[in-house]
Amino acid sequence: MDGLVQLQKQLVDYTASLFHEGFLDDQFNQLQQLQDESNPDFVVEVVTLFFEDAERLLNELTKTLGQPSTDFKKLDAHVHQLKGSSSSIGAHRVHRICISFRNSCEEQNVEGCLKNLQQVTHEYSLVKSKLETLFRMEQQILAAGG
Amino acid sequence: MEFCNCIDPQMPADDLLVKYQYISDFFIALAYFSIPLELIYFVKKSAVFPYKWVLVQFGAFIVLCGATHLINLWTFVIHSRTVAIVMTTAKVLTAVVSCATALMLVHIIPDLLSVKTRELFLKNKAAELDREMGLIRTQEETGRHVRMLTHEIRSTLHRHTILKTTLVELGRTLGLEECALWMPTRTGLELQLSYTLRQQNPVGYTVPIHLPVIDQVFSSNKAVTISHNCPVARLRPYAGKYMPGSVVAVRVPLLDLSNFQIYDWPEVSTRNYALMVLMLPSDSARQWHVHELELVEVVADQVAVALSHAAILEESMRARDQLMEQNVALDLARREAETAIRARNDFLAVMNHEMRTPMHAVIALSSLLQETDLTAEQRLMVETILKSSNLLATLINDVLDLSRLEDGSLQLEATTFNLHSLFREVLNLIKPVASVKKLSLTPHLASDLPMYAIGDENRLMQTILNVVGNAVKFSKEGCISITAFVAKPESFRDARIPDFLPVPSDSHFYLRVQVKDSGSGINPQDIPKLFTKFAQNQSLTTRNPAGSGLGLAICRRFVNLMEGHIWIESEGIGKGCTATFIVKLGIADRSNELKLPFVPKVPGNPVHGCTHFAGLKVLVMDDNGVSRTVTKGLLMHLGCDVTTASSSEECLGVVSVEHEVVFMEVCTGLDGYELAVRLHEKFTKHQDRPLMVALTGNTKRVTKENCMRVGMDGLILKPISVDKMRGVLSELLERRVLFETV
């Protein structure tokens, strides 16, 4: 029992830290609220969907920026998608960078775009690992009987 | 002896005397004959001679005399009787004519004499006219000199040049030895030698202004001869042998700028004169002529005018320079102000985001906390935390919206809310603070106060809280009473609020709230300053360093937006103060407890699929997979039957009359708007058409306009929480329209 409480406390702390550091925002809460008996894996499903979507988009972005003449419209469209997805699950930092990425696209600033792409990739990998850790902890709690 | 008729002269013919007589007679006759000839000749020559017939008479007389004398020649010798008869005839005729002539001359000669007199008279006249001509010519010369001088003087607006030129030209025209100008000093008590003709740089001699000589000159506008011993006339070392030249002085009025009656050189208004002194050359025996004096006087007047013009010009140049400087300074100030405003806006824009993020964290975690197991006490605490943080979030929004408030672009929300519970919440929030300070709070809510009202709940709460908070802040002890009631029209005609003319109507009522405290009071003179931003009451700053001074200013703005009025009264320091405000609220026609929750409602337990929406068929159109899944999960959680579509075409294919609501993302190009139009076309009958709601993260104002333009029924902003979605759906199904304020 002690271990379970410990684990639960750890989870709460970890979640709190994620919010505090700005990785996640209120939207993530909303997602968690939607999870119930009729929909037990809702959050994991949505987040997995996000990972797939994001990875695909990041690939597209890298490819588009790799072209000799950058197609800013296409770039903007992809970033817009990523922004939408990240805001839907509450990946706050990713969302923020997407906003500034869009600005760079509007200004047609290749340098800025490259920088933004680097930032968003970095943030995405961070949030991915954090969320995976979170899910692992939840699994552990479930396994321990919580 | 022979007897003949001849007459014998008495004397023998050969006598010497007779011979002489003979010759003389001959010559007389000659002369007598030639005179008329000469007369005729000259008369013919002359054009005018009025007495021709007198001449004829005279001529006849002379001719006859001549004839007589000629005939006399024959009488010296023995002559016949015929000769004697002829002689006698001639003599008789001559006698007649000469007598006639003599008589005539008596009449003629006076006339002739008067002709002479007239001639003399005319000669005199001619001489006089000559003299006058001379005079006129001199005057004309003078006039020319004056014009020339004036021209020289007025051809420049430079004071120094004007004066120098005057002296030089006067000196030249009048042939002066020395010419000087004495100007009054700044004090007005002395005259200082400012300009001279011959000396280049006059050393500053000064002469007191109230000498009798100077007064004499100043008192008349004529040029006055002065003695050369006078201090103003001692300009040059005395170099002549006999007599220094005659000196004349004239005043030069120095006009004030505002004084320009040139036809009426005011004796009274100009007090300031300068003195011009002119000296004729010594040893020249020249005297000042009248026309020269006149010249001097005229020049003096011209100089006065020219100087005034120069002074005006200087003044206007100075004014223009000043204006330019001011302009530059103003421009700088404006640019600085603009920079400051831009800096502030940038700051606000940045802080906007920075401040909201931690707020989200607090709100999020508090709501998370609510979901966990808590004791009742803990739950209460968490609720208060949540409420306070929501209030704080609103406050942050408002402070950062202050610029929008000032633009006037802030719009109040109009939702139905519970008035009584609003007051309860305010009291709950204030009670802890009040009890710490041992202040008692006494609320009085009138019995006719409606339960529900329509208005901006958050901002009304903020206003009440601010006012009550101030009462608590500035009271050290005692009690605070809060009264709220519906204001009656009679009470509106209040002397304290003269500009406030509320119009009662059936759909609105006026809420009047009065907060009375027994605290430190306010000096009545400071009351107007209370509502100005950032102005704090000086005596209280030491006790209340935390206040920013913004509260009352914001409150007033809100109250004004609610078409109301707020004022504070106090009888003085230490006598407490009363804050009152009246706001206009809508009358809620049904006891509708629903409101758009910016504050998430506190569910006791997580609600599993609200029965409200059981089986409600909705359609979600979003091309973003993640977003679509989240929205679907949200709606399913609320119990709806959700169909999804990832494009407009798919949506149009799937949609049917059974669908009640269609949520569509409008961010991606104009697909969403296009879809709305197509849906309008598809469902011609009003009741068949599903409600079309835009669900987007795009916060631009133009989005709302576009949605309304294509005939959509609503606009909701992502991200959306469960509770918000619940509220939205309810409102949508009731009201059939819902546009969130962007």
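Residues numbered from 1 in each chain as written. Chains lettered and ligands numbered in written order. Predicted model: local features only at pLDDT ≥ 70, side-chain atom pairs only at ≥ 80, totals over all residues. Heavy atoms only, no water.

(A) Focus on the overall build of chain B. The helix and strand tally for chain B stands at 17 helices and 19 strands. Evaluated residue by residue, chain B yields a buried proportion of 41% over its 742 residues. If you take every contact in chain B between residues at least 6 apart in sequence, the share linking residues at least 24 apart comes to 71%. Accessible surface, chain B: about 41,900 Å² in total, of which carbon and sulfur atoms supply 60%. (Helix = DSSP H or I, 4+ residues; strand = E, 2+ residues; numbered from the N terminus. Buried < 20%, exposed > 50% of the residue type's maximum accessible area, 1.4 Å probe, protein only. Contact = heavy atoms within 4.5 Å. Areas by Shrake-Rupley, 256 points an atom, 1.4 Å probe, with all protein chains shown as cover.)

(B) Just the sheet that holds strand β16 (residues 661-664) of chain B, in detail. Residues and elements named next belong to chain B. Strand order across the open sheet formed by six strands is β15-β14-β16-β17-β18-β19, with parallel pairing between neighbours. Since the sheet does not close on itself, it has two edges, and those belong to β15 (641-645) and β19 (738-739), each with one partner. Sheet analysis places strand β14 (residues 617-621) next to β15, joined by five bridges and oriented parallel. When the sheet's bridge partners are listed, Val-618 is paired in β15 with Val-642. Against the sheet, helix α15 (residues 671-682) touches β14, β16 and β17 (691-696), its axis set at about 160° to β16. (Pairing = 2+ DSSP bridges. Axes fitted to C-alpha atoms, helices over the stretch in contact; angles between N-to-C directions.)

(C) Quick peek at the pairing of strand β11 (residues 508-517) of chain B. All names here are of chain B. β11 sits mainly inside the fold: eight of its ten residues count as buried. Here seven bridges tie strand β10 (residues 478-486) to β11, and the two strands are oriented antiparallel to one another. Across the sheet, Phe-485 pairs through a bridge with Arg-512, a residue of β11. The pairing of β11 with strand β13 (residues 577-587) spans ten bridges and is antiparallel. Paired with Gln-514 across the strands is Thr-580, a residue of β13.

(D) Quick look at the UniProt feature "binding site: Cu cation" (unreviewed entry) in chain B. All names here are of chain B. Sequence positions flagged by UniProt for "binding site: Cu cation" (unreviewed entry) are, in local numbering, Cys-65 and His-69. Tracing the backbone through its elements, the reader meets Cys-65 in helix α2 (residues 52-75). Given a relative accessible area of 12%, Cys-65 falls into the buried group. In contact with Cys-65, other than residues within four places in its own chain, are Tyr-32 and Thr-94. (UniProt positions renumbered as here; feature names shortened; annotations may be inferred.)

(E) Highlighting the packing of aromatic side chains. Residues and elements named next belong to chain A. Per the stated rule, a full pass over the model turns up five aromatic pairs over all chains. Arranged with centres 6.1 Å apart and planes meeting at 50°, the rings of Phe-50 and Phe-51 form a pair that is tilted. The same class applies to Phe-50 as to Phe-51, namely buried. Geometrically, the ring pair formed by Phe-51 and Tyr-124 is edge-to-face, given 6.1 Å between the ring centres and 80° between the ring planes. One end of the pair, Phe-51, is in helix α3 (residues 42-66); the other, Tyr-124, is in helix α6 (residues 110-143), with 73 residues separating them in the sequence. Of the two residues examined, Phe-51 and Tyr-124, each falls in the buried class. Among the aromatic residues, those joined into a cluster by ring pairs are Phe-50, Phe-51 and Tyr-124. (Phe/Tyr/Trp six-rings, centres within 6.5 Å; stacked < 30°, edge-to-face > 60°.)

(F) Representation of the environment of Gln216(B). On the secondary structure map, Gln216(B) appears in helix α5 (residues 212-219). Taking the C-alpha atoms as reference points, Gln216(B) and Arg251(B), 35 residues apart in sequence, are found 9.8 Å from one another.

(G) Focus on the environment of Lys718(B). All names here are of chain B. Following the sequence through the fold, Lys-718 ends up in the loop between β18 (714-717) and α17 (722-735). Taking relative accessible area as the criterion, Lys-718 reaches 17% and is therefore assigned buried. It is 5.4 Å that separates the C-alpha atoms of Lys-718 and Thr-696, two residues lying 22 residues apart in sequence. Dropping the residues within four chain positions of it, Lys-718 is found in contact with Asp-622, Ser-627, Glu-665, Leu-695, Thr-696 and Gly-697.

(H) Broad picture of the UniProt feature "modified residue: Phosphohistidine" (unreviewed entry) in chain A. Feature annotation in UniProt places "modified residue: Phosphohistidine" (unreviewed entry) on His80(A), given in this structure's numbering. Among the secondary structure elements, His80(A) is positioned in helix α4 (residues 72-89).

(I) Fine view of the sheet that holds strand β4 (residues 224-226) of chain B. Residues and elements named next belong to chain B. Strand order in the open sheet formed by six strands is β3-β2-β1-β6-β5-β4, and the pairing between neighbours is antiparallel. Every other strand in the sheet has two partners, leaving β3 (206-208) and β4 as the edge strands with one partner each. Taking the axes of each pair of neighbouring strands and ignoring which way they run, one obtains an average angle of 35° across the sheet. Across five bridges, the pairing between strand β1 (residues 178-184) and strand β6 (residues 273-279) is antiparallel. Note that in β6 the partner of Cys-179 across the bridge is Leu-278. Lying on the sheet, helix α4 (residues 159-174) is in contact with β1, β2 (190-196) and β6; it crosses β2 at an angle near 70°.

(J) Fine view of the interface of chain B and chain A. If you look at the interface, chain B gives 25 residues, while chain A gives 25 residues. A combined buried area of about 2,300 Å² lies between chain B and chain A, and 62% of that area is made up of carbon and sulfur atoms. The largest contributions to the chain B side of the interface with chain A come from Asn624(B), Val626(B) and Val630(B), which together make up 22% of the buried area. The interface formed by chain B and chain A includes zero salt bridges. At the surface where chain B touches chain A, the tally comes to seven residue pairs in polar contact (both at pLDDT 80 or more). Looking at the side of chain B that touches chain A, the elements with two or more residues in it are α6 (290-371) and α13 (625-637) of chain B. Taken together, the residues of the side of chain B that touches chain A sort by class into eleven nonpolar, twelve polar and two charged. (Buried area = accessible area lost by both parts, 1.4 Å probe. Salt bridge = Lys/Arg side-chain N within 4 Å of Asp/Glu carboxyl O. Polar contact = N/O pair within 3.5 Å; in protein donor to acceptor, adjacent residues only side chain to side chain. Nonpolar A, V, L, I, M, F, W, Y, C, P; charged D, E, K, R; others polar.)

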